[in-house]
Amino acid sequence: MADSAQAQKLVYLVTGGCGFLGEHVVRMLLQQEPQLRELRIFDLHLGPWLEELKTGPVQVTAIQGDVTQAHEVAAAVAGAHVVIHTAGLVDVFGKTSPETIHEVNVQGTRNVIEACVQTGTRFLVYTSSMEVVGPNIKGQPFYRGNENTPYEAVHRHPYPCSKALAEQLVLEANGRKVLGGLPLVTCALRPTGIYGEGHQIMRDFYHQGLRLGGRLFRAIPASVEHGRVYVGNVAWMHVLVARELEHRAALMGGQVYFCYDNSPYKSYEDFNMEFLGPCGLRLVGTRPLLPYWLLLFLAALNVLLQWLLRPLLLYAPLLNPYTLAMANTTFTVSTDKARRHFGYEPLFSWEESRTRTIRWVQAVEGSAQ
Ligand SMILES: NC(=O)c1ccc[n+]([C@@H]2O[C@H](COP(=O)([O-])OP(=O)(O)OC[C@H]3O[C@@H](n4cnc5c(N)ncnc54)[C@H](O)[C@@H]3O)[C@@H](O)[C@H]2O)c1
Ligand SMILES: CC(C)[C@@H](O)CC[C@@H](C)[C@H]1CC[C@H]2[C@@H]3[C@H](O)C=C4C[C@@H](O)CC[C@]4(C)[C@H]3CC[C@]12C
């Protein structure tokens, strides 16, 4: 076994390292990667919590930067052995323009790839998304599918389009020669709906329930299953892929893997209630309280209001035609490709994932029962 100095030799870069997933990837690397010498955290918005990480044995370097700026990305990547690229605009609520989503998610990813090639970084792990696959614009269900399940992945919304383009760039870059003449090895991970500590949408649902007297009103049939995965297990898969990519380059290079764990298959709303219920909220209705046509009308009204109010304020409710269609379309995965290719097993059981998420909601919302 190499001594500690030899063991700690690797430099990792995590883009988007201050985001919901990024922070969990950063903390997981510090806990689980013994070969880490330096951890670079690149983000447009650096979090104050980073300071607490600088007291450990691993050098933690916070870099405030923009993935749309190629020179900033190249400076951050130079000298890194592995890049985990999670930075992106996760916007299906109309908060940012399609152009900005494309600029960050596609051009930003292009900049990361070119930085790896120009500076000699050989291993790139990209956080893709289930949405690269679906649900598609036809609302066709994807029922417990895997990485090889045939499905017509057709998108119009800027976010899934950007994720699909970025993933394609990453996979096509596999095998390109980097500075020094060795091949770049890339891999893309496709989480389904991530939940856990720091999930802003979960927080939004909780606040909505509080405003409605502790109640949420069912809008989606309970029969519509939506895949969810705990953030800690997604972070763990990123760490494992980054570790195994060098030794299993021939098998893993250019591959995509769904991120999965043992979280149960439920509708989006019923799944959220696994955490919001113990925090005092109740989901009213065993079936949708409003007819679908009325939900569609309200969703369209939200789009109109967003447009009218834009000069004054950002109005971006959870309900819009895209989110309604997504929530109403079954999309679940059932696969073991990550286990077969690099020995992935969820680090957190469903019970642990559920407990940790409940505790987070209770702690941040002061709703401990
Ligand atoms: N949240 C989910 O359910 C989910 C599911 C599947 C995939 N993903 C993917 O995971 C990744 C992280 O998502 P998240 O939910 O943690 O989102 P998030 O918004 O919490 O984190 C994204 C991070 O990227 C940073 N960022 C944004 N634009 C940047 C730029 N121009 N330059 C540098 N940094 C920038 C943000 O500051 C933020 O810290 C994204 O690529 C997203 O597409 C998320
Ligand atoms: C208002 C109701 C109709 C309510 O049920 C809407 C829920 C809606 C906000 C969510 C339903 C499905 C979610 C998406 C899904 O989990 C997968 C995603 C891919 C990921 O890359 C980013 C997040 C998201 C788009 C996620 C966003 C919230 C939903 C649309």
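It should be emphasised that the depicted structure is a prediction, and the values quoted were computed from it without experimental measurement. Throughout, a residue's number is its position along its own chain's written sequence, starting from 1. Chains carry letters from A onward and ligands carry numbers from 1 onward, assigned in written order. pLDDT decides what is reported in this predicted model: residues at 70 or higher carry local features, side-chain atom pairs at 80 or more are listed and counted, and totals for whole chains, interfaces and linings draw on all residues regardless. The basis for every side-chain value is the complete set of non-hydrogen atoms in the structure, without hydrogens or water.

(A) View of the site of ligand 2. Residues are labelled near a given molecule or strand when at least one of their non-hydrogen atoms is within 4 Å of it. Near ligand 2 lie 18 residues; those nearest to it are Val 90, Ser 129, Glu 131, Tyr 159 and Gly 193. A distance of 2.7 Å separates an oxygen atom of ligand 2 from a polar side-chain atom of Ser 129. One of the side-chain N or O atoms of Glu 269 is found 3.5 Å from an oxygen atom in ligand 2. Secondary structure elements are defined from DSSP: runs of H or I of at least 4 residues count as helices, runs of E of at least 2 residues count as strands, and each element is numbered from the N terminus. Of all elements in the fold, only α6 (200–211), α9 (268–276) and α11 (321–327) reach the threshold of two or more residues within the shell around ligand 2. When residues in the shell around ligand 2 are grouped by element, the largest group, four residues, is from α11. Pairing of N or O atoms within 3.5 Å defines a polar contact, subject to two protein rules: one partner must be a possible hydrogen donor and the other a possible acceptor, and residues neighboring in sequence count only if both atoms are side-chain atoms.

(B) Just the packing of helix α2 (residues 20–32) against helix α7 (residues 231–244), in detail. For the pair α2 and α7, the least separation of the axes is 8 Å and the interaxial angle reads 55°. By the criterion of interaxial angle, the relationship of α2 to α7 is oblique. Crossing handedness for the pair α2 and α7: right-handed. Listed contacts from α7 to Phe 20, Leu 21, His 24, Val 25, Met 28, Leu 29 and Gln 32 of α2 are Val 231, Gly 232, Val 234, Ala 235, Trp 236, His 238, Val 239 and Arg 243. Under the scheme applied here, ten amino acids are nonpolar (Ala, Val, Leu, Ile, Met, Phe, Trp, Tyr, Cys and Pro), four are charged (Asp, Glu, Lys and Arg), and all others, including Gly, are polar. Partitioned by chemical class, the residues of the contact of α2 with α7 number 10 nonpolar, four polar and one charged. Orientation is described by lines fitted to C-alpha atoms, with helices fitted over the stretch in contact, and by angles between N-to-C directions that extend from 0 to 180 degrees. The scheme is simple: roughly parallel for angles under 35 degrees, roughly antiparallel for over 145, roughly perpendicular for 65 to 115, oblique for anything else. For a crossing to be left-handed, the near helix must be turned anticlockwise from the far one by less than a right angle; the clockwise case is right-handed. Any pair of residues with heavy atoms lying within 4.5 Å of one another is described as a contacting pair.

(C) View of the layout of surface pockets. Each cavity reported here is a set of points on a 1 Å grid over the protein atoms alone in which a 1.4 Å probe fits but cannot get out, each pocket an open set with protein on both sides within 12 Å along at least five of seven lines, and each lining residue one with an atom within 4 Å of a point. Grid points are joined across faces, edges and corners, and a volume is the space filled by probe spheres set on the points. Its boundaries defined by the atoms lining it, the second largest pocket holds a volume of some 300 Å³. In terms of lining, the second largest pocket is formed by 20 residues, of which the most central are Phe 93, Gly 94, His 157, Gln 306 and Arg 310. Counting residues per element, the ones that place at least two in the lining of the second largest pocket are α4 (98–119), α10 (292–309) and α11. No other element matches the four residues that α10 contributes to the lining of the second largest pocket.

(D) Summary view of the pairing of strand β4 (residues 82–85). Burial along β4 is two-sided: the residues Val 82 and Ile 84 and Val 83 and His 85 are all buried. Here, strands pair whenever DSSP counts at least two bridges between them. Two strands pair when backbone bridges link them, and strand β1 (residues 10–15) and β4 are joined in this way by four bridges, in the parallel orientation. Within β4, the residue paired with Tyr 12 across the bridge is Val 82. Crossovers are described as right-handed under a simple rule: with the strands pointing away from the observer, the path leading from the first strand over the helix to the second runs clockwise. For the crossover from β4 across α4 to strand β5 (residues 123–127), the handedness is right-handed. Burial classes: relative accessible area under 20% of the type maximum marks a residue as buried, over 50% as exposed, and values in between as partly exposed (1.4 Å probe, protein chains only).

(E) Expanded view of the UniProt feature "domain: 3-beta hydroxysteroid dehydrogenase/isomerase" (unreviewed entry) in the chain. UniProt positions are given in the numbering used here, feature names are shortened, and annotations may be inferred rather than shown by experiment. UniProt's entry tags residues 13–283 with the feature "domain: 3-beta hydroxysteroid dehydrogenase/isomerase" (unreviewed entry), counted in the numbering of this structure. Here residues 13–283 runs as 36% helix and 20% strand, with 41 Å between its end C-alpha atoms.

(F) Representation of the sheet that holds strand β3 (residues 59–64) within the structure. Here seven strands make up an open sheet; going across it, the order is β3-β2-β1-β4-β5-β7-β11 and the pairing parallel. Looking along the sheet, the strands with just one partner apiece sit at the ends: β3 and β11 (255–259). The sheet shows a mean angle of 20° between the axes of neighbouring strands, direction not considered. In this sheet, β3 lies alongside strand β2 (residues 36–43) in parallel orientation, the contact comprising six bridges. By the bridge assignment for β3, Glu 38 is matched with Gln 59. Packing of α2 onto the sheet brings it into contact with β1, β2, β3, β4 and β5, and relative to β2 it is tilted by some 170°.

(G) Region of the structure containing the confidence of the model for the chain. For the chain, mean pLDDT is 95; residues scoring 70 or higher make up 97% of the total. As a predicted assembly, this complex carries a pTM of 0.97 together with an ipTM value of 0.99. Values of pLDDT, the confidence the predictor places in each residue, fall between 0 and 100.

(H) Layout of the site of ligand 1. Close contacts around ligand 1 come from 25 residues, with Leu 21, Asp 43, Asp 66, Tyr 159 and Lys 163 the closest. At 3.3 Å, a backbone N or O of Leu 44 approaches a nitrogen atom of ligand 1. The separation between a nitrogen atom of ligand 1 and a polar side-chain atom of Asp 66 is 2.8 Å. Here the accessible surface of atoms and residues is derived via Shrake-Rupley with a 1.4 Å probe, and residues count as covered only by protein chains that are part of the display. The fraction of the free accessible surface of ligand 1 (820 Å²) that becomes covered by protein chains is 86%. Put simply, the parts of the chain that give the shell around ligand 1 at least two residues each are α2, α5 (158–172) and β8 (193–195). A per-class count over the shell around ligand 1 returns 11 nonpolar, 11 polar and three charged.

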